[in-house]
Structures are given as C-alpha cells and as structure tokens.
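Take a look at the letters that make up each chain.
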Amino acid sequence: MGEEGTEGTVHLLCLAASSGVPLFCRSSRGGAPARQQLPFSVIGSLNGVHMFGQNLEVQLNSARTEDTTVVWKSFHDSITLIVLSSEEGTSELRLERLLQMVFGAMVLLVGLEELTNISNIERLKKELRASYGLIDSLLGDSELIGDLTQCVDCVVPPEGSLLQEALSGFAEAVGTNFASLIVSGRMVVATESWWRLGTPEAVLLPWLVGSLPPQAARDYPVYLPHGSPTVPHRLLTLTLLPGLELCLLCGPRPPLSQLDPQLLERWWQPMLDPLRACLPLGPRALPVGFPLHTDILGLLLLHLELKRCLFTVEPAGDKDPSPEQRRCILRSFYTLVTAVHFPPEPGQQEDKAEDAAQRPQVPRACYLVSGTEEPGTGWRLVALQLGPRRLLLLLSAQSPVHGLRSLATHTLHALTPLL
C-alpha cells in the first residue's frame, strides 16, 4: 500500500466554469506550500477536455497517468476545481473530498453569492485571496484528518463536564448559542447548537482557527456553506491560553469590546487547571494515562452519525515509523477501507437495489500486513466497524496477526464511552 503524502506535488486550479478564466492556482510540494505554477497551456488543456466532455453530456471526473492523478469537479455550474497530484499512493477519494473542502473554504470566506453570480472576475480574484491560507493548509500535510473523513477532529479533555458547564454558561452570558473550545484545530467541547452545524462548516471552522496566526482576539466574518451560504456571521475568537481558543459564532451582537477581561476572568479563571490539561491533547487526542495496548502506534476512531473523530499517532512516539509516516499510512488505509471494503458512510449515496442484492454479506472488519518478508519489520493495520463507530489501528510488527481482531474489538469497547 502506497503511503499517501510521500514526497510529491499537488496543484489546485480554480476556474470560472463559463469562461475558463483561471481564478487562482495553489501548489504544495512535500506537504509544504510551493510557488510552482502550471503553464497556462496546461491549465487550458485540462479545462478544455472537461468542457469538451460536458458538451457531449459526458461527465469527466478523474484520470490517471503513470505518475499523476487528476480530478475535476464543478460547483453550481459556476466554479470548476481541478486537482493534480503526483504524491505516491494518492487516491481519487482523497482528491474528491479535498475539492469539496476547498469549495467549502471558498464559500466560508467569500460567500456563495459571489461565486455563483460572477460579475467582476478581477474583484473575485482579490476576494478569494482571503481563502489562500485555509486552502494551503488543506493542501499541505496536517496533523488533522477531518479534511479526508469529513468528521470533526476532537480531543477528550480530562475534565470535560466542568469545561462544558463553563462554556454553556459563558455562551448564555454573552448571548449566543454557538460556542466552542478549540486546541490546535481540534474540538475540546462545544455547545449543542455548535455540534448541530452541518458539513463542511463543522470541520472548516476549527480548521480555520488552527490555520490562522496567533492573536489575542479576532472578529472574523464567515459564511456557513451549509447553514447560511449567503448571509455572513461573525466568528469571534479569544485566546485563553497559547494554542487554546474560545470561539463564538454570532450575528451583529455581541461586539468584541463587550467580551472584556473581567467577564473572561469570572468564567474561566476558576477553570485554569482544566484548561491547562487540554494543551497536551493536541497531538495525542486522548487523556494522559488512557490505557492502550503497547502495540498500537496510531488510531483513528470515527462516529459516522455524529461526524466526529479521534485521531492520534502519539501512543508510542519512540518507535518506528515516525509520526509523519504513521499519519500517511493511516490516511491511506482509511481511503482503502472506505472506498473498497466498508458500506457507504451516512450522508453518501447508498448502493442501488441491484448492487445491494449482489452484496449480501457486508464486511465489518479487514486487516493488512506489511513487511512479512523480514520478521519483526513493517506494521499491521486493522479496521473494525460496529454500529456507527469505525476504528482503524496501526500496530507494530510484533502484534500477532491472529490477535488483530480481538485487539481491535477490545480497543473499540474501551474507546466507545469517549465518542
């Protein structure tokens, strides 16, 4: 299995669908932003072949060459996004979801009206610059996985009930139903209304906060791609501790000046120790001391109905492969089991009746073994689905193959109360 994210280049093209005029081009190489741009002739050819197919009522979704995967997607007959990836092991599923998140990021920061009724190309180009930082973070290597799973990256705080109570009280005091605590782009706790936000804003809002440079406070205009794509809201952020931010989603009120230090101190000074305990949860996701088997090198737990996930490659940080490699391996394994082995996730198009009839047995577990030529090298991967939860584990080579399902089942039962 190829390791998605291995050194390669990703090019993202955004064009006006009717005219084919490029609106922007963003690139990354080896997971970092790159200035490399595609020649205009290549951009024109990629858009031209897509438009040619549309004129013949043929939908061109993807293509592969020896070393590159290309995916096209049109939105509202107004915007065409094209992504080219030469990263080893890149899947079409990953690129399709990337384009969905990129368009969501454009709507989040510019609004759907500007994207569907393009009256001034040059003005739209300038407005879209506001989305470059968020889009670049989606193209690059991230410690998060919500861009791929379309689930909110979460952490499990040691004293979650205390933080939840304080957050709900603070949100009521300032007059909003939408509030959350975010550490390193991951959700710590949130109000019920915030959890009811639809996709993709539920994923993109914490991702946006994690991608912005540190600031004590922000008043940021945002649209909600699912809930309010044409009317902007205000995203207020307040840094409680370095890396830990309080986020509010509101209308014209309250003004940022109303969130004075005295109000913050009254609600959050008593919570200082529980807040500090959240800081190391960024990369780990799980509380310190949570019992995990020593063979586990990384895990991804998804709740497919709540659209939340726990993702960590930190259980055993002193072992090979490196955390970066573990993330690549788990991302690749996720795309494999999602596209091939497991049934469609909630919200996706279900199988046709005739297809379902040909698949009477729905798989609930699968595993993959690497490095069997040399005993004690490589790794083990196992995926297990029970009800709405799906667990993916990356295990060391010492883990016996015959015990993979038992270990995964035990781990899933241990994690179930957390998500």
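From a predicted model like this one, the values you see are computed outputs, not experimental measurements.

### With respect to the packing of aromatic side chains
Working step 1: Scanning all chains against the criterion turns up 3 aromatic pairs.
Working step 2: Ring plane angle 65 degrees and centroid distance 5.6 Å describe the contact between Phe-24 and Tyr-132, whose orientation is recorded as edge-to-face. Pair noted here: Phe-24 is in strand 2 (residues 22-29) and Tyr-132 is in helix 5 (residues 132-139), with a separation of 108 residues, a long-range link. With respect to class, Phe-24 is no different from Tyr-132; both count as buried.
Working step 3: A centroid spacing of 4.3 Å and a plane angle of 5 degrees characterise the contact between Phe-75 and Phe-103, whose relative ring orientation is stacked.

### Concerning the pairing of strand 6 (residues 79-85)
Working step 1: Here strand 6 lies mainly inside the structure; 7 of its 7 residues are buried.
Working step 2: Side chains Ile-79, Leu-81, Val-83 and Ser-85 project from strand 6 onto one buried face, and the interleaved Thr-80, Ile-82 and Leu-84 project onto a second face that is buried too.
Working step 3: As judged from the 7 bridges shared by strand 1 (residues 9-16) and strand 6, these two strands associate in the antiparallel manner. Residue pairing across strands places Cys-14 opposite Leu-81, the latter belonging to strand 6.
Working step 4: As judged from the 7 bridges shared by strand 5 (residues 69-75) and strand 6, these two strands associate in the antiparallel manner. When the bridges of strand 6 are listed, Ser-74 appears paired with Thr-80.

### Details of the sheet that holds strand 3 (residues 32-34)
Working step 1: Spatial strand order, 3-2-1-6-5-4: 6 strands in an open sheet with antiparallel pairing. Two strands in the sheet have a free side with no partner beyond their single neighbour: strand 3 and strand 4 (62-64). Put simply, the sheet's adjacent strands are angled 20 degrees from each other on average, direction ignored.
Working step 2: Sheet topology places strand 1 next to strand 2; 7 bridges connect them, and they run antiparallel.

Rules of the game
- Residues numbered from 1 in each chain as written.
- Predicted model: local features only at pLDDT ≥ 70, side-chain atom pairs only at ≥ 80, totals over all residues.
- Heavy atoms only, no water.
- Phe/Tyr/Trp six-rings, centres within 6.5 Å; stacked < 30°, edge-to-face > 60°.
- Helix = DSSP H or I, 4+ residues; strand = E, 2+ residues; numbered from the N terminus.
- Buried < 20%, exposed > 50% of the residue type's maximum accessible area, 1.4 Å probe, protein only.
- Pairing = 2+ DSSP bridges.
- Axes fitted to C-alpha atoms, helices over the stretch in contact; angles between N-to-C directions.

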